[in-house]
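Each chain is listed here by its residues.
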Amino acid sequence: MGLHIDYYASLNSPWTHLGAARIEALAAQHGASLRIWPVDFGTIFAGSGGLPLPKRSPQRQAYRLQELARWREALGIPIQIQPKHFPAKELPAAACVIAVRETMGDAPAIRLAHRVLKACWEDDLDPGEEATLARLIGEVGLDGEAVLALGKEPRWAEMRAADSERALARGVFGAPSYVVGDDIFWGQDRLEFVAKRLARG
């Protein structure tokens, strides 16, 4: 059997978006399974000493914008550095991704999560808005209204809370994080190390 990657994502994170296509490609290249966990990094930051973006120092906030511009150029991914709808309301989309993951499988859940990220960071859309979210669901080949209704069931928000606590207990503290066995790789700038880990088997 191939290796397995647990992929801890924030659906508001530009860094998760910048790594999205590349982690999918790496998993495919190495025959690894990939499961997405759209966890609540508010909970994870609170439990691991991190700070949400608005509470970070002005110096850190300014540096983040410089780094996003650098990575946009380096990767050729046309992100908006300061999109209109950031941060979007994350729970509705996360609940839908979890619902799809649990009822339809990992691949469609990942497609949906990555479409939500692209909507925010490239298309300047608001994936926290219900009609927009339904449209995005439809764009990845799913039934927008049905998945939206399914995602409103309380069990998915409860599962996200439990997944977030388990991620924290596992040692996850930032987004995106890619976990292979006991090895945690934090950040899309660590995908080279993920590739080496997958090649090692």
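About the thresholds
Residues numbered from 1 in each chain as written. Predicted model: local features only at pLDDT ≥ 70, side-chain atom pairs only at ≥ 80, totals over all residues. Heavy atoms only, no water. Helix = DSSP H or I, 4+ residues; strand = E, 2+ residues; numbered from the N terminus. Rg over C-alpha atoms; globule rule 2.2 N^0.38 Å. Buried < 20%, exposed > 50% of the residue type's maximum accessible area, 1.4 Å probe, protein only. Areas by Shrake-Rupley, 256 points an atom, 1.4 Å probe, with all protein chains shown as cover. Lys, Arg positive; Asp, Glu negative; His and termini not counted. Charge placed at Lys NZ, Arg CZ, Asp CG, Glu CD. Disulfide = S-S within 2.5 Å.

Engineer: An account of the overall build of the protein is requested, with residue identities and associated values reported.
Structural biologist: Tallying secondary structure elements over the protein gives 9 helices and 4 strands in all. Each helix and strand of the protein, placed in order from N terminus to C terminus, yields the pattern β-α-β-α-α-α-α-α-α-α-β-β-α. Against the compact-globule benchmark of 17 Å for 201 residues, the protein has a radius of gyration of 16 Å, which places it among compact chains. With the C-alpha coordinates aligned to their principal axes, the bounding extent of the protein is approximately 45 × 40 × 35 Å. Counting only residues that meet the buried cut, the protein has 47% of its 201 residues in that class. Entry remark: accessible area of the protein is about 9800 Å², with carbon and sulfur atoms responsible for 53%. If the 24 positive side-chain charges of the protein are averaged to one point and the 25 negative ones to another, these points end up 5 Å apart.

Engineer: For the state of the cysteines, give the residues involved together with the corresponding values.
Structural biologist: As used in these notes, a disulfide is a covalent bond between sulfur atoms, one from each of two cysteines. Counted according to the given criterion, the structure contains 0 disulfides. Between Cys96, a free cysteine, and Cys120, which holds the nearest cysteine sulfur, the sulfur-to-sulfur gap is 16 Å.

Any link to function would need more than the numbers given here.
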